[in-house]
Amino acid sequence: MGLDFAVVPEYLDRLLLGSAWTIGITLAAAALSFFGGILFAVIALYAPAFVRWPFKAFAWLFMGTPLLLQLFLIYFGLIQIGIDLPAVVAGVIGLGLHFAVYNSDIIQAGIRAVDNGQYEAGRTLGLSQAQTIRKIVVPQAVRAVVPPIGNNMIALLKDSALVSVIGVTELTLSSQLAISKTFRPFEFYLAAAACYYVINLALEAGLHRIERRIQVAR
Amino acid sequence: MTDKPFVDIRHAAKSYGSLEVLHDISLQVNKGEIVAIIGPSGSGKSTLLRAINDLDPLTSGEVWLEDTQVNETLPHRQYEKHINKVRQEIGMVFQHFNLFPHLTARGNIVLAPKMLKGISDAEANTLAEEQLDRVGLLDRIDYYPSQLSGGQKQRVAIARALAMKPKVMLFDEATSALDPELVEEVNLVMKQLAEEHMTMIIVTHEMKFAESVCDRVVFMDGGYVVEEGSPEVVFRNPTHDRTRNFLRKHLQG
Amino acid sequence: MDFDLILRVFPYFLQAAVVTIELSVYSTALGLVCAALGTFARLSRHKMLRAIGTTYVSVIRGTPALIQLFILYFGGPQIGIQLDAFEAGVIGLGVNIGAYMTETMRGAIIAVDKGQTEAARTLGLSRTQAMRKVVLPQAARLMVRPLGVNINAQIKGTALVAAISVVELTYTAQRYIGSTYKPFEMFLLAGALYMVIIYVVGICVTYLDRKVALK
C-alpha cells in the first residue's frame, strides 16, 4: 500500500475540529496547572505540616509516575468513587494536576529566589503574612519563572495527545477515527503531526510575546 | 640581528559591519624586541593583538611572522593546516588565563606538545617540569587550576605557552584580572622572559611596567596608532594631546 | 486497600517492570546515539548538516511522541517498515528522546567558555582537536545531570507504548484496572515500581556526576 495524501482533505474539517479541541484542552489544563502550581507552591512552602506533608507525598508520587498512568487513575478512579465525569473533564484535570506539580516545583524555586528584603519590606508596611505572599512575593516569583513554565505549557500541548487514550476526541483521536474509515494511518498521523507542529509554533510565539512583555516589569 | 622585521603587520584594517575597529595599522617588531601596546578600552589594541595569530581575522591587511604570512588566503582545509602550524610558533597569554580546568598544571602544559609534536611521555614530563620551574611553580605540577591562585594560574598559562617554544609571545592584559597583590609575581616572570630576549608584544594597562620593561611603546586610540616610540619619549614627552590626556589619567606618580 | 489482590498481581507487575526497564535502557542508548549525531550536525560548519540537525530537533520536539510512535508503528508498513510493537517503541522513543538530548548536549558544549577553545587554538590545536581534548571533556561533566533529567523523563515516557499494546507497566496497570476495578491499588503498585526504577537511575546519575566533578 503506497501513500495517498489525496484522502486527507476530505477529513480536514474533523482534523480542524480536533485541533480546536486540542487547543481548548491545552489552554484549560494550562490555566489549571498555572494556578494549581501557585497554590501547591504556597502550600509546600507555607502551609502547616499536617497539610504540607500529605501534599508533598502527592507531589512526589505525581513526579515519579507517567502521565498516562495518572490519567487512567483519575478517569477510572473517579468512576469508582461514583463521579462519572466526561472524559474531557477527566483529561483536563489529569493534565492540569500533572503539570501543576511540575509548575509548583518551579514556582517554589522562584519564591525562594525573591529577596528576603522584599518580604520584610511588605511586613514593615503592615501587610500580613498572607498579604505579603500574595501581593509581593508571588507576583515577583511568577515573573521570574515565566520561561520555564512556558516550556511546561509546550510540553503540555504535546502530552495532551495522551487524553485520546481515555477517549477524548481531540486531534489524535480525530485522526484515528479518520484512519478507521480510510485505513491510511501514515497520511493521517502525519497530518495530525503537522497540525500539532503549527499549534506548537503559535504557542511558542505567544509565550515569547508574554515573556517579552513581562521582562519590563522585572 | 637583521633589519628585516620579525613580526610585520601591514595595513591592518578590521570592521564589524560599518563599525571600523582598526584603521590601516602598520607595525613592525624586531627579533628580541619588546613592544607594549597601550590605549583606552575600545581603542582596538586587543583586536590588533588577536589579529597577529588570526584569532580575530583582519578585514584587510597582512600579518607576517618572519617569512610566513600568518593570514594567508587559502582554501579552508589548507588554511586550517597552515594556521595551526603558525600558531604553534606564537604563544598567547589571556586576561582570564583560560587554563583547562579538567587538566592539572602538568596536563595543561603537555597537552599541545604531545598532540602536535608527538613527544614521548618522558619528554613531556621533563618539559612540564622545566617550564613550571621557569615560572617558579614546580611544586604545583599536579594541582588543578581551581587549586591555584590567580597569579599562579597566569604563570602556569605562561608556562603552557612557552612549552611550545614559540618565536614570539603575545600578552593580552595578562595582569588585568588579578588582585593587585598578585600582579608582581606575573610581572616578574615577564621581566625574566624579557631578559632572555624573548620577542614580546604586550597589551597592558600598567604604564610603569611598560616603561621599565619595553623597548617601544605604541599608543592606540579609536582604532588608530596615535603615537609610537621609546618609553622615554611616549611617557615623558608625548607629542599628541590624546596621548597626554590618556597618560594623565593612567600614569600616577 | 486490597492487599491480597496486590500480592496476587505483583508478579505480573514485576514482569512488566522488566519490560519497562528494557524499553528504557534500549531507547536511552538509541537516544544517546541520535543525540551525539544530532549535536554533531547542529554544531557543524556545513549548512546542510546544520539544517538537518535543526529540523530533526524542531520536528521531534514540535510534535507529540505518541503521534511519532503511531506514524512509525501503524504508518510504517505503508512505507515498507514492518516493526513489532516493542521494536517500534524502542525506536520511536529513542529517536524522540534523542532530540531532547541533542539540545542538552549542545547546551553543555556551548556552555564551555569560549576562551577554552581560543586557548587551545592558540596553541596550534585544530578545531577538532580542541573540541576533543579541551571542550568535550568539560562539556561531558556539564551534561551528566541534565541528561539524567532527560532519562528520568524517558522512563516515564515509556508508558506511551501502552498505546500500541506493549505489555509494560502502564499497560499492565490499565488491564488490571479494567478487570479488577481497583484503580488506586493498581496505580500505586505500578507507581511504586516506576519510582524504584527512577530512584535507582537517580542514584547512578548522582554517582556519575560526583565521579566526573572537577577536583
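Refer to the structure presented above.
Conventions adopted
Residues numbered from 1 in each chain as written. Chains lettered and ligands numbered in written order. Predicted model: local features only at pLDDT ≥ 70, side-chain atom pairs only at ≥ 80, totals over all residues. Heavy atoms only, no water. Contact = heavy atoms within 4.5 Å. Buried area = accessible area lost by both parts, 1.4 Å probe. Salt bridge = Lys/Arg side-chain N within 4 Å of Asp/Glu carboxyl O. Polar contact = N/O pair within 3.5 Å; in protein donor to acceptor, adjacent residues only side chain to side chain. Helix = DSSP H or I, 4+ residues; strand = E, 2+ residues; numbered from the N terminus. Nonpolar A, V, L, I, M, F, W, Y, C, P; charged D, E, K, R; others polar. Phe/Tyr/Trp six-rings, centres within 6.5 Å; stacked < 30°, edge-to-face > 60°. Buried < 20%, exposed > 50% of the residue type's maximum accessible area, 1.4 Å probe, protein only. Lys NZ or Arg CZ within 6 Å of the ring centre and 35° of its normal. Pairing = 2+ DSSP bridges. Patch = residues over 30% accessible without salt bridge, like charges linked within 9 Å, V, L, I, M, F, W, Y side chains within 5 Å. Areas by Shrake-Rupley, 256 points an atom, 1.4 Å probe, with all protein chains shown as cover.

Q: Before we go on, may I ask you to explain the arrangement of the chains in this structure?
A: Highest in contacts among the 2 pairs of chains that touch are chains A and C. Separated throughout, chain A and chain B approach each other most closely at a C-alpha pair spaced 27 Å apart.

Q: What am I meant to see in the interface of chain C and chain B here?
A: You'll often see interface size given as the accessible area lost when the parts meet. Each partner contributes to the interface: chain C provides 23 residues, whereas chain B provides 26 residues. Roughly 2,100 Å² of surface becomes buried between chain C and chain B when both sides are summed, with 60% attributable to carbon and sulfur atoms. Joining chain C to chain B, the criterion identifies 2 salt bridges. A salt bridge links Arg-50 of chain B to Glu-118 of chain C; its shortest N-O distance comes to 2.5 Å. Linking chain C with chain B are 7 residue pairs in polar contact (both at pLDDT 80 or more), by the criterion used here. Among the elements of the structure, α5 (114-122) and α6 (127-157) of chain C are those that each provide at least two residues to the side of chain C that touches chain B. The leading source of residues in the side of chain C that touches chain B is α6 of chain C, at 8 residues. When its residues are assigned to classes, the side of chain C that touches chain B shows 7 nonpolar, 7 polar and 9 charged.

Q: Quick question: what am I supposed to make of the packing of aromatic side chains here?
A: Aromatic rings in a pair are described by how distant their centres are and how their planes are angled relative to each other. On inspection of all chains with the given rule, the structure shows 17 aromatic pairs over all chains. Between Tyr-75 of chain A and Phe-76 of chain A, the ring centres sit 5.2 Å apart and the planes meet at 65°, which makes this aromatic pair edge-to-face. Judged by its relative accessible area of 29%, Phe-76 of chain A is partly exposed. Their ring planes at 40° and their centres at 5.1 Å tell us that Phe-219 of chain B and Phe-246 of chain B sit as a pair that is tilted. Separated by 27 residues along the polypeptide, Phe-219 of chain B in strand β9 (residues 216-221) and Phe-246 of chain B in helix α9 (residues 241-250) bring together distant segments of the chain. Judged on exposure class, the residue Phe-219 of chain B and its partner Phe-246 of chain B are both buried. An aromatic cluster is present here, built from Phe-40, Phe-55, Phe-58 and Phe-62 of chain A joined pairwise through their rings. If you follow Lys-56 of chain A out to its NZ or CZ, it ends over the ring of Trp-53 of chain A, 5.0 Å from the centre. Here the guanidinium or amino end of Arg-140 of chain B rests over the ring plane of Tyr-143 of chain B, the centre of that ring lying 4.9 Å away.

Q: Before we go on, may I ask you to explain the environment of Leu-162 of chain A in this structure?
A: Note that Leu-162 of chain A resides in the loop between α7 (146-159) and α8 (171-182). Residues Leu-162 of chain A and Leu-95 of chain A lie 67 residues apart in sequence; the distance between their C-alpha atoms is 9.1 Å. For Leu-162 of chain A, the contacting residues outside a window of four places in its chain are Leu-67, Leu-68 and Leu-71 of chain A together with Leu-66 and Leu-160 of chain C.

Q: Honestly, the pairing of strand β7 (residues 168-172) of chain B in this entry has me stumped. Any pointers?
A: The side chains of a regular strand alternate between the sheet's two faces. All names here are of chain B. Counted residue by residue, β7 has 5 buried out of 5 residues, so it is predominantly covered. Alternating residues of β7 divide into Val-168, Leu-170 and Asp-172 and Met-169 and Phe-171, and every residue in both groups is buried. Summarising the sheet, strand β6 (residues 90-93) and β7 pair through 4 bridges and their orientation is parallel. If you follow Val-93 over to β7, its bridge partner there is Phe-171. Pairing geometry for β7 and strand β8 (residues 199-203), over 5 bridges, is parallel. Within the sheet, the bridge partner assigned to Val-168 lies in β8 and is Thr-199.

Q: In this structure, what is going on with a nonpolar patch on the surface? I would like to understand it.
A: Taken together, the side chains of Leu-3, Phe-5 and Leu-190 of chain A together with Ile-79 and Ile-81 of chain C present a nonpolar region at the surface, about 390 Å² in accessible area. Relative to the helices and strands, Leu-190 of chain A resides in helix α9 (residues 185-216).

Q: Teacher, can you tell me more about the pairing of strand β10 (residues 224-229) of chain B here?
A: Residues and elements named next belong to chain B. Pairing of β9 with β10 involves 5 bridges; the strand directions are antiparallel. Its bridge partner lying in β10, Phe-219 is registered against Glu-227. Hairpin geometry of β9 and β10 is characterised by an intervening segment of 2 residues between the two adjacent antiparallel strands and by a positive phi of about 60° at Gly-222.

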